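Chain by chain, the residues:
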Amino acid sequence: MRIEYDIKLGFKDVMFRPKRSTLKSRSEVSLEREFKFLHSPETWTGIPIMAANMDTVGTFEMALALSEKKLFTAIHKHYSLSKWNNFTSNLTKDKNNFIAVSTGIGQNDSDKLAKIIQQNPNIKFICIDVANGYSEHFANFVKQTRELYPKKVIIAGNVVTGEMVEELLLCGADIVKVGIGPGSVCTTRVKTGVGYPQLSAIIECADAAHGLGGQIISDGGCTTPGDIAKAFGAGADFVMLGGMLAGHDESGGKIIESNGKTYKQFYGMSSSTAMDKHVGGVANYRASEGKTVEVLYKGAVENTLQDILGGIRSTCTYVGASRLKELTKRTTFIRVNEQENTIYSK
Ligand SMILES: NC(=O)C1=CN([C@@H]2O[C@H](COP(=O)(O)OP(=O)(O)OC[C@H]3O[C@@H](n4cnc5c(N)ncnc54)[C@H](OP(=O)(O)O)[C@@H]3O)[C@@H](O)[C@H]2O)C=CC1
Ligand SMILES: Nc1nc2c(ncn2[C@@H]2O[C@H](COP(=O)(O)O)[C@@H](O)[C@H]2O)c(=O)[nH]1
Ligand SMILES: [K+]
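As the structure is a prediction and not an experimental result, all values here were calculated from the model.

Caption draft 1: Structural detail: the site of ligand 1. Taken together, the neighbourhood of ligand 1 is formed by 13 residues, with Asp-129, Ala-131, Gly-181, Tyr-285 and Arg-286 sitting nearest. At 2.6 Å, a backbone N or O of Ala-131 approaches an oxygen atom of ligand 1. A distance of 3.0 Å separates an oxygen atom of ligand 1 from a polar side-chain atom of Ser-270. Here ligand 1 loses 64% of its free accessible area of 830 Å² to cover by the protein chains.

Okay, structure coming up:
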């Protein structure tokens, strides 16, 4: 056994130190970024915030709403081929910049992926997503996917350490997804004791990825627009959101009326709710690693997006970044023991 003694940080452990700035207005901030990729010849321009590939968040409806504002959606892997064909038949070609098709690493997953891509060749992004990105089988799957799809942009995850980011990039991933256990409906840290505070994971993984010319997605743990800004400040190229985009018209999940209030169901993809729905229950050798919750119904996602994007533009003006790209260079984090004043929150 060994112990690493340096303390790893989460979003709640830091704040941005304000800096002098020449920006006159938050309207002067551009949140768009342009990326070239390590393997794929594609280029991408957009606002690098994405909906998670959860069946309550990464829906076709979410993709239509988010792509309007140049945000991205990792579509969940449980749509059938015919649902995909139906969705893409009404899709303008440019919208393919803002969606990924997701896959697991089983034979069924790769067969279904092949069919979806064969029938929808304009799809540009593939998101290979597993809970534990440390297995050899997963790395081999990434390699095989790169061989099959040399031009697609491949996202692979999840991992939390630099050496595995490098390995996945070398296996053919363009973008590595980072986060084990920070999610709002995640119970991995409780069930397994495994995890890595998200801010430190981002800092370490971004450094590893950028050294090789790859990108990272910070996945999970953002509960406020300020957390998203901190993820970008720490070096994330993209930020993926689950819970913050749950509960909207465009989200999946049942509507629940209770005590005169309206809620929407939201659950982890490793929860018993998800496993009952998609694979007929929790296998007898494993535990669920996700929660099922009810979130207050929030209406159209557009309003939430304005709140998020407005918050991040404001962060940028506080540190003098006229473009999101400059935010990390202009970031000094201070370690803190307090966040917001909660006297009027419940
Ligand atoms: N970011 C995170 O912290 C987490 C995210 N999730 C999300 O939920 C989805 C469903 O998760 P889940 O059903 O748990 O697993 P996955 O769908 O990710 O499982 C992928 C494959 O990896 C194998 N595997 C081996 N060890 C592990 C392990 N420790 N954890 C998970 N899989 C393992 C699984 O086999 P077998 O099932 O036979 O073991 C399975 O074949 C994920 O794809 C991810 O989107 C889930 C948990 C954590
Ligand atoms: N450990 C688990 N993690 C999960 C599960 N379902 C999804 N996730 C991860 O959470 C993020 C979203 O995080 P949020 O804080 O923004 O809500 C998602 O992208 C997955 O990586 C699960 O059942 N268990
Ligand atoms: K995900």
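So much for the structure itself; the text now carries on.
Caption draft 2: Geometry of the sheet that holds strand S8 (residues 153–159). The strand order S4-S5-S6-S7-S8-S9-S10-S11 describes a closed barrel built from eight strands, whose pairing is parallel. In this sheet, neighbouring strand axes are inclined to one another by 25 degrees on average, regardless of whether the strands run parallel or antiparallel. Taken together, the two bridges between strand S4 (residues 49–51) and strand S5 (residues 72–75) define a ladder with parallel strand orientation. Across the sheet, Met-50 pairs through a bridge with Phe-72, a residue of S5.

Caption draft 3: How the structure looks around the sheet that holds strand S12 (residues 255–258). A sheet is described by the order of its strands in space; here three strands give the open sequence S12-S13-S14, paired in antiparallel fashion. Edge positions in the sheet fall to S12 and strand S14 (292–296), since each of these pairs with one other strand and no more. Put simply, the sheet's adjacent strands are angled 40 degrees from each other on average, direction ignored. Sheet topology note: the S12/strand S13 (residues 261–267) ladder contains four bridges and is antiparallel. Residue pairing across strands places Glu-257 opposite Thr-262, the latter belonging to S13.

Caption draft 4: Layout of the pairing of strand S11 (residues 238–241). Residues Phe-238 and Met-240 point to one face of S11 and Val-239 and Leu-241 to the other, with burial holding for every one of them. With three bridges joining them, S4 and S11 adopt parallel strand pairing. Considered in S11, the bridge of Met-50 is made with Met-240. Relative to S11, strand S10 (residues 215–219) runs parallel, the two sharing three bridges. What sits directly across from Asp-219, in S11, is Met-240. Each parallel crossover has a hand, and the one from S10 via helix H8 (residues 225–234) to S11 is right-handed.

Caption draft 5: A look at the side chain of Gln-265. Along the polypeptide, Gln-265 turns up in strand S13. Ignoring anything within four residues of it in the chain, the contact list for Gln-265 reads Thr-56, Gly-252, Gly-253, Lys-254, Ile-256, Thr-273, Thr-292 and Val-293.

Caption draft 6: Looking closely at the UniProt feature "active site" (unreviewed entry) in the protein chain. As recorded in UniProt, the feature "active site" (unreviewed entry) lies at Cys-186. Not counting residues up to four positions away in its chain, the partners in contact with Cys-186 are Gly-181, Glu-289 and Lys-291.

Caption draft 7: Layout of the UniProt feature "binding site: K(+)" (unreviewed entry) in the protein chain. In the UniProt entry, the feature "binding site: K(+)" (unreviewed entry) is given for Gly-181 and Gly-183. Within the secondary structure, Gly-181 is located in the loop between strand S9 (175–178) and helix H6 (188–192). Since its relative accessible area comes to 15%, Gly-181 is described here as buried. Gly-181 has contacts with Cys-186, Thr-188 and Arg-189, leaving out every residue within four places of it along the chain. The partly exposed category is assigned to Gly-183, whose relative accessible area is 25%. What Gly-183 contacts, discounting residues up to four positions off in sequence, is Gly-220 and Gly-221.

Caption draft 8: Seen up close, the side chain of Thr-187. Within the element layout of this structure, Thr-187 appears in the loop between S9 and H6. Note on Thr-187: relative accessible area 12%, which makes it buried. One polar contact links the side chain of Thr-187 to the main-chain amide nitrogen of Gly-290, over a distance of 3.1 Å. If sequence neighbours within four positions are ignored, Thr-187 has contacts with Ser-288, Glu-289, Gly-290 and Lys-291.

Caption draft 9: Broad picture of the packing of helix H2 (residues 81–89) against helix H3 (residues 107–119). For the pair H2 and H3, the least separation of the axes is 10 Å and the interaxial angle reads 25 degrees. In terms of axis orientation, H2 runs roughly parallel to H3. Seen along the crossing, H2 lies across H3 with a hand that is right-handed. In this structure, H2 uses Leu-81, Trp-84 and Asn-85 to contact H3, whose residues at the interface are Lys-115, Ile-116 and Gln-119. Tallied by class, residues from the contact of H2 with H3 come to three nonpolar, two polar and one charged.

Caption draft 10: A look at helix H7 (residues 198–212). Under the 1.5 Å per step criterion, the end-to-end length of H7 is 21 Å for 15 residues, consistent within 8% with the ideal 21 Å. Taken together, the buried positions of H7 are Gln-198, Leu-199, Ser-200, Ala-201, Ile-202, Cys-205, Ala-206, Ala-208 and Ala-209. Where H7 is buried, its residues touch strand S1 (14–16), helix H5 (162–171), S9, S10, H8 and strand S15 (333–335). Looking at the residues trailing H7, positive phi occurs at Gly-213, about 90 degrees.

Caption draft 11: Structural view of the nonpolar core. Core analysis: the biggest nonpolar cluster contains 101 residues, and Ile-49, Trp-84, Phe-125, Ile-228, Leu-241, Leu-245 and Ile-312 have the highest contact counts within it. Discounting chain neighbours no more than four positions away, the residues touching Ile-49 are Leu-71, Phe-72, Ile-228, Phe-232, Val-239, Leu-241, Ile-308, Leu-309 and Ile-312.

The rules we used
- Residues numbered from 1 in each chain as written.
- Chains lettered and ligands numbered in written order.
- Predicted model: local features only at pLDDT ≥ 70, side-chain atom pairs only at ≥ 80, totals over all residues.
- Heavy atoms only, no water.
- Near = heavy atom within 4 Å.
- Polar contact = N/O pair within 3.5 Å; in protein donor to acceptor, adjacent residues only side chain to side chain.
- Areas by Shrake-Rupley, 256 points an atom, 1.4 Å probe, with all protein chains shown as cover.
- Pairing = 2+ DSSP bridges.
- Helix = DSSP H or I, 4+ residues; strand = E, 2+ residues; numbered from the N terminus.
- Axes fitted to C-alpha atoms, helices over the stretch in contact; angles between N-to-C directions.
- Buried < 20%, exposed > 50% of the residue type's maximum accessible area, 1.4 Å probe, protein only.
- Right-handed = clockwise from strand over helix to strand, strands pointing away.
- Contact = heavy atoms within 4.5 Å.
- UniProt positions renumbered as here; feature names shortened; annotations may be inferred.
- Parallel < 35°, antiparallel > 145°, perpendicular 65-115°, else oblique.
- Left-handed = near helix turned anticlockwise from the far one by under 90°.
- Nonpolar A, V, L, I, M, F, W, Y, C, P; charged D, E, K, R; others polar.
- Expected span 1.5 Å × (residues − 1).
- Core = buried A, V, L, I, M, F, W, Y, C linked by side-chain atoms within 4.5 Å.

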